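# Observations on the three-dimensional arrangement
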Amino acid sequence: MSISIHPKSVKNFEEATENILNFMSKLININTLFIAKNDQKVNEIKKVINKEQTLLEEGSTLPFHETFCKVSVDQGKEILLIEDILENEHTKHLNVTASLGSGSFIAIPIYYEDGENYGTICGLDTNRFEFTEQHAELFQTMSSLLTYVLELDKANKEIKDLSVPIVPLTKGIAILPIIGHISEYRADIIIQNTLNSSMNLNLEYMIIDLSGISQINNSVSSYLLNIVKLLKLIGVTPILTGFRPDLAIKTMKVDVDFHDIIITSNLESALSHIGFVLNKK
């Protein structure tokens, strides 16, 4: 009998944390595994897996100084192993220890590459748990992996922002230059960022410059129409400009209707349509 395993794709840091905790839960039989984020003031449980007892819930918060996570962060990059929270000098006086009654705790901080602390990845049990060297290695490995995923997530967000460089021109007017190839994934990013920026900037007009677009086909035309329709729905008037001759010819061949869409030859014409006049001084 053959078993096929299909790798599970991960879109962001949040999905990665869920997958990692699920994987870890198969390798260590501790009651609760969780990932917490802190800003040195508040400790928030971002992801958690409870087995028998529900010790923690996602979204719950505590003052950072009242948590086991702070003990881990204070220790630095080394793994923190506490087999009895009632006996450990750093945890025995905490309120969280009193509420748990007893137990064991394992943790290691998660860092960004620049050394800034994100939070911690931890294991908790109200019963005494005997930690092994393999358990320590597991947490250390997953902490390093999460650092890598954090940086990927950060870079991905920066790329998203760069892929939709909305430029405010004056009150109520902005320009969206679309450069390169438009895939379905990128179209979704453009739509989301364009709508958010339109609302935040209280726009009346969005000039969409297509002079940097690499190709036009039915899919790309449909993406553009979706952007135009959604802008209209929120009260923003879209103006398409920058159709190069080669794009104009290809546009005539695609099965998409650009009727009732304002199209101008260049940015100056688009601004003129709105009522602006450019004078050289």
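To keep things clear, this report deals only with the structure shown in the data block.

About the cut-offs
Positions within a chain are numbered from 1, following the residues in the order the chain's sequence is written. Restriction of local features to residues with pLDDT of at least 70 applies here, the model being predicted, together with a cutoff of 80 or more for giving and counting side-chain atom pairs; totals for whole chains, interfaces and linings are based on all residues. Calculated side-chain values reflect all of the structure's heavy atoms, with hydrogen atoms and water omitted. Every helix listed is a DSSP run of H or I at least four residues long, and every strand listed is a run of E at least two residues long, numbered separately from the N terminus. By definition here, a helix of n residues has an expected span of 1.5 Å times n minus one. Buried means the residue's accessible area, taken with a 1.4 Å probe over protein chains only, is under 20% of the maximum for its type, while exposed means over 50%, and partly exposed covers the values in between. A pair of strands is treated as paired once DSSP finds two or more bridges between them. Angles here are taken between N-to-C directions and fall from 0 to 180 degrees, while the axes themselves are lines fitted to C-alpha atoms, restricted in helices to the stretch in contact. Residues are treated as being in contact if the distance between any of their heavy atoms lies within 4.5 Å. The cut-offs work like this: below 35 degrees is roughly parallel, past 145 is roughly antiparallel, 65 to 115 is roughly perpendicular, and the gaps in between are oblique. Throughout, a crossing is termed right-handed when the near helix is turned clockwise from the far one, and left-handed when it is turned anticlockwise from it by less than a right angle. In protein, a polar contact means a hydrogen-donor-capable atom and an acceptor-capable atom, both N or O and within 3.5 Å, with residues adjacent in sequence counting only if both atoms are side-chain atoms; elsewhere, any N or O pair within 3.5 Å suffices.

### Here we look at helix α5 (residues 184-200)
With 17 residues, α5 should reach 24 Å at 1.5 Å per residue; the first-to-last C-alpha distance of 24 Å fits that figure. Buried residues of α5: Arg186, Ala187, Ile189, Ile190, Ile191, Asn193, Thr194 and Ser198, and no others. Looking one or two residues beyond α5, the residue adopting positive phi is Asn202, at roughly 55°.

### A closer look at unusual backbone geometry
Even without being glycine, Gln40 reaches a positive phi, approximately 75°. Checked against the element boundaries, Gln40 lands in the loop between β1 (32-38) and β2 (42-50).

### Thoughts on the sheet that holds strand β3 (residues 61-63)
If you walk across this open sheet you meet the six strands as β3-β2-β1-β6-β5-β4, and the pairing is antiparallel. Whereas interior strands pair on both sides, the edge strands pair on one side only; in this sheet they are β3 and β4 (80-82). Strand after strand, the sheet turns through a mean of 25° between neighbouring axes, direction not considered. Relative to strand β6 (residues 117-125), strand β5 (residues 104-111) runs antiparallel, the two sharing eight bridges. Looking at β6, one finds that Tyr111 is bridged to Asn117. Those strands touched by helix α1 (residues 13-25) are β1, β2 and β6, and its axis lies near 50° from that of β2. Sitting on the sheet, helix α2 (residues 68-75) touches β1, β2, β4, β5 and β6, and the angle it makes with β5 is about 55°.

### Thoughts on the packing of α5 against helix α6 (residues 218-233)
α6 packs onto α5 with a crossing angle of 20° between their chain directions and a minimal axis gap of 10 Å. Regarding the angle of α5 to α6, the classification is roughly parallel. As for the relative orientation of α5 and α6, their crossing is right-handed in sense. Contact residues: Glu184, Ala187, Ile190, Ile191, Thr194, Leu195 and Ser198 in α5; Tyr223, Asn226, Ile227, Leu230 and Leu231 in α6.

### Details of the pairing of β6
Along β6, nine of the nine residues are buried, which leaves the element largely enclosed by surrounding structure. Across six bridges, β1 lies against β6 in antiparallel orientation. Within β6, the position partnered with Phe34 by the bridge is Cys122. Connecting β5 to the antiparallel partner β6 that follows it, the hairpin turn spans five residues, and Gly115 within it adopts a positive phi of roughly 95°.

### What to know about the side chain of Thr264
Locating Thr264 in the fold gives a position in strand β11 (residues 262-264). For Thr264, a relative accessible area of 12% gives the class buried. Engagement of the side chain of Thr264 in a polar contact is seen with the backbone oxygen of Asn266, the distance being 3.2 Å. Ignoring any residue separated from it by four or fewer positions in sequence, one finds Thr264 in contact with Ile239, Leu240, Thr241, Gly242, Ser269 and Ala270.

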